[in-house]
Amino acid sequence: MSQIPPSMLERLFQLRAHGTTVRTELLAGLTTFLTMVYIIFVNPQILANAGMDQQAVFVATCLIAAVGSIAMGLFANLPIALAPAMGLNAFFAFVVVGGMHLTWQTGMAAIFWGAVGFFVLTVLRVRYWLIASIPHGLRVGIGAGIGLMIALMGLHNAGIVVANPVTMVTVGDLTSLPCLLGATGFFLIAILAARGIHASVLIAMAVTTGLGLALGNVHYVGLASPPPSLAPILGQLDLRGALQWPLASVIFAFLLVSLFDSSGTLIGVTGRAGLSDANGRFPRMKQALLVDSSVSVLGAFMGTSAISTYIESSAGVAVGGRTGLTALTVGVLFILAVFFAPLAQMVPAYAAAGALIYVGVLMTSELTKVRWDDLTEAVPAFATAVMMPFCFSITEGIAAGFIAYAVMKLGTGRWRELPWCVVVVALLFIIKFGLDAH
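Described in the following lines is the structure provided in the data block. Computed from a predicted structure; not experimentally measured.

## Digging into the overall build of the protein
Alright, step 1. Each helix and strand counted, the protein has 20 helices and four strands in total.
Alright, step 2. In summary, the protein has a C-alpha radius of gyration of 21 Å against a globular reference of 22 Å for 438 residues, a match within 12%.
Alright, step 3. Across its three principal axes, the protein shows a C-alpha extent of roughly 65 × 55 × 45 Å.
Alright, step 4. Burial status across the protein gives 54% buried among its 438 residues.
Alright, step 5. Of all intrachain contacts in the protein linking residues separated by at least 6 positions in sequence, the fraction that spans at least 24 positions is 81%.
Alright, step 6. Taken as two groups, the 19 positive and 16 negative side-chain charges of the protein have centres that lie 10 Å from each other.

Right under this line is the structure:
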């Protein structure tokens, strides 16, 4: 990268105009990569629960993160990286495939159709209108609910929370090795993050895996190797099978969460970088929106869960990243990561558990933004957030929130505050539940 003539980099990324340098952008890219590289270890583990080839998913995760980040850097000139979204991967593996007893090919096709809808909304320029129309409390509730569901999965993977026929859930064996190392990993992440260390997740996963190796629970299988084949998952979508009524709410859930997650991250990171105005608009917004929505479609075709812009990009912004050279650097590093499949295979589930719990902490912190003194806003946000982990379903949480919002506003005579899109979605969910009951 350093051998490229500075004039070419200047022409591509307008470094001087953004008050940055090649060295700063490369450092920012490395920082962002280190904060989000955990996804190449966690995503294959999660999707393997759906019956997908773990090694192939590892390659797909690396490649789609590389393609998305490089595209964002070259076409939108923004310091924002992309990769498979946390939360939606768990929803796909444990709820759509595991809970609904679908094949992973059908579930992946549902992700694909949701991504196509996401792309169409972007092309038609109705994306921000929809975001503005859906109440803030519901948006916060959706994010927090996904966070709680991710945390529950992390607690389960570490053996801290287990099933119980009487109390539904209970505390597991706290003296077991997975439980002890999973808890150690979580607290290590939290402590390092609190001390401002950007690579806290990666460091904690390396430490817990190393401890597992030292204690004989993890077995060394190598460091690097030629990339495994993508053939077991590439293009293996049951597109026709996903186009059936019971999956309509699943497709809608993938679309809606992608809409909020990716758009919110774009606004948040560009704002932190000083690139957006008071209305959340930033340079080359159209290109950025087209990149993240089109990459989502490509990701599903390649065989990985919904793609999103990553809030971890703010770590690179914090050390000076201001242009697409930051994102380009992240993409190149993800390409190099493809050659470390054996390393990813060594990471045990409890090493990733701490990362999942920590992501839950970050996502549920948004609940502070709910207007708890207004029950017409608080009840829908609460219903959305708690129904997701309790039902282990993003779809049911979204349904509960939209229905609760309509009921609370109508019941208190504040129907003028009720957006029509909320009414339509609430009615569709009510109809769905009625049909499901019969």
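Additional details are given in the paragraphs that follow.
## A closer look at the pairing of strand β2 (residues 161-164)
Alright, step 1. Alignment of β2 against strand β3 (residues 168-171), held across four bridges, turns out to be antiparallel. The residue bridging Asn164 from the neighbouring strand is Met168, located in β3.
Alright, step 2. What sits between the antiparallel neighbours β2 and β3 is a turn of three residues.

## Quick look at a nonpolar patch on the surface
Alright, step 1. Together, Trp129, Trp245, Trp420, Val424, Leu428 and Ile431 make up an exposed nonpolar region whose accessible area comes to about 660 Å².
Alright, step 2. Positionally, Trp420 belongs in helix α20 (residues 420-437).
Alright, step 3. For Trp420, a relative accessible area of 55% puts it in the exposed group.

## Some words on empty space enclosed by the protein
Alright, step 1. Applying the stated criterion to the full structure yields one cavity of 30 Å³ or more.
Alright, step 2. Approximately 30 Å³ is the volume found for the largest cavity.
Alright, step 3. Every residue along the wall of the largest cavity is listed here: Ile111, Ala115, Phe118, Phe254, Ser258, Ser296 and Ala306.
Alright, step 4. Those elements giving two or more residues to the lining of the largest cavity turn out to be α6 (104-123) and α12 (248-272).
Alright, step 5. Sorting elements by how many residues they give to the lining of the largest cavity places α6 first, with three residues.
Alright, step 6. Across the lining of the largest cavity, the residue classes break down as five nonpolar, two polar and no charged.

## Re the pattern of salt bridges
Alright, step 1. Taken as a whole and judged by the stated rule, the model has seven salt bridges.
Alright, step 2. Among the salt bridges present, the one from Arg414 reaches Asp374, with a minimum N-O distance of 2.9 Å. Here the residue Arg414 occupies a position in the loop between α19 (394-411) and α20, and Asp374 occupies one in the loop between α17 (349-364) and α18 (375-391), the gap between them amounting to 40 residues.
Alright, step 3. Its relative accessible area of 10% is what places Asp374 among the buried residues.
Alright, step 4. Among the ionic pairs, Lys409 bridges to Glu417, the shortest N-O distance being 2.7 Å.
Alright, step 5. Relative accessible area serves as the criterion here: at 0%, Lys409 is assigned to the buried category.
Alright, step 6. Judged by relative accessible area, Glu417 falls into the partly exposed class, the value being 39%.

## Digging into the side chain of Ser69
Alright, step 1. Of note, Ser69 is situated in helix α4 (residues 54-76).
Alright, step 2. From its side chain, Ser69 meets the backbone nitrogen of Leu82 in a polar contact 3.2 Å long.

## What about the layout of surface pockets?
Alright, step 1. The calculated volume of the largest pocket comes to roughly 1500 Å³.
Alright, step 2. Asp261, Thr265, Ile311, Met363 and Glu366 are, among the 42 residues lining the largest pocket, the residues nearest its centre.
Alright, step 3. For the lining of the largest pocket, the secondary structure elements donating two or more residues are α8 (136-157), α10 (200-214), α12, α14 (313-318) and α17.
Alright, step 4. Here the element with the most residues in the lining of the largest pocket is α12; it accounts for ten residues.
Alright, step 5. Of the residues contributing to the lining of the largest pocket, the split by class is 23 nonpolar, 13 polar and six charged.
Alright, step 6. There is about 360 Å³ of room inside the second largest pocket.

## Concerning α6
Alright, step 1. With 20 residues, α6 extends 28 Å between its outermost C-alpha atoms, agreeing within 8% with the 28 Å of an ideal straight helix rising 1.5 Å per residue.
Alright, step 2. Most of α6 is tucked away, with 14 of its 20 residues classed as buried.
Alright, step 3. Arg125 occupies a position one or two residues after α6 and carries a positive phi of about 60°.

## Considerations on helix α15 (residues 324-337)
Alright, step 1. Look at α15: 20 Å from first C-alpha to last across 14 residues, which is about the 20 Å you get at 1.5 Å a residue.
Alright, step 2. Of all 14 residues in α15, ten are buried, a share of seventy percent or more.
Alright, step 3. Among the residues of α15, those classed as buried are Gly324, Leu325, Thr326, Ala327, Leu328, Thr329, Val330, Gly331, Phe334 and Ala337.

## Examining the nonpolar core
Alright, step 1. Residues Phe91, Phe92, Ile394 and Ile398 are the most contacted members of the largest nonpolar core, which totals 120 residues.
Alright, step 2. Ranked by the residues each element gives to this core, the list is headed by α4, at twelve residues.
Alright, step 3. With residues up to four places along the chain from it excluded, the contact list for Phe91 reads Val96, Met149, Val250, Ala253, Phe254, Ser393, Ile394 and Thr395.
Alright, step 4. Counting six residues, the second largest nonpolar core, distinct from the first, contains Leu15, Ile70, Leu325 and Leu328.

## Structural notes on unusual backbone geometry
Alright, step 1. Phi at Met168 is positive, roughly 75°, even though this residue is not glycine.
Alright, step 2. Positionally, Met168 belongs in strand β3.
Alright, step 3. For Phe392, which is not glycine, the phi torsion reads 50° and is therefore positive.
Alright, step 4. Considering the arrangement of structural elements, one finds Phe392 in the loop between α18 and α19.

Conventions used here
Residues numbered from 1 in each chain as written. Predicted model: local features only at pLDDT ≥ 70, side-chain atom pairs only at ≥ 80, totals over all residues. Heavy atoms only, no water. Helix = DSSP H or I, 4+ residues; strand = E, 2+ residues; numbered from the N terminus. Rg over C-alpha atoms; globule rule 2.2 N^0.38 Å. Buried < 20%, exposed > 50% of the residue type's maximum accessible area, 1.4 Å probe, protein only. Contact = heavy atoms within 4.5 Å. Lys, Arg positive; Asp, Glu negative; His and termini not counted. Charge placed at Lys NZ, Arg CZ, Asp CG, Glu CD. Pairing = 2+ DSSP bridges. Patch = residues over 30% accessible without salt bridge, like charges linked within 9 Å, V, L, I, M, F, W, Y side chains within 5 Å. Areas by Shrake-Rupley, 256 points an atom, 1.4 Å probe, with all protein chains shown as cover. Salt bridge = Lys/Arg side-chain N within 4 Å of Asp/Glu carboxyl O. 1 Å grid on protein atoms, 1.4 Å probe; cavity = no way out; pocket = protein on both sides within 12 Å on 5 of 7 lines; lining within 4 Å. Points joined across faces, edges and corners; volume = space filled by probe spheres on them. Nonpolar A, V, L, I, M, F, W, Y, C, P; charged D, E, K, R; others polar. Polar contact = N/O pair within 3.5 Å; in protein donor to acceptor, adjacent residues only side chain to side chain. Expected span 1.5 Å × (residues − 1). Core = buried A, V, L, I, M, F, W, Y, C linked by side-chain atoms within 4.5 Å.

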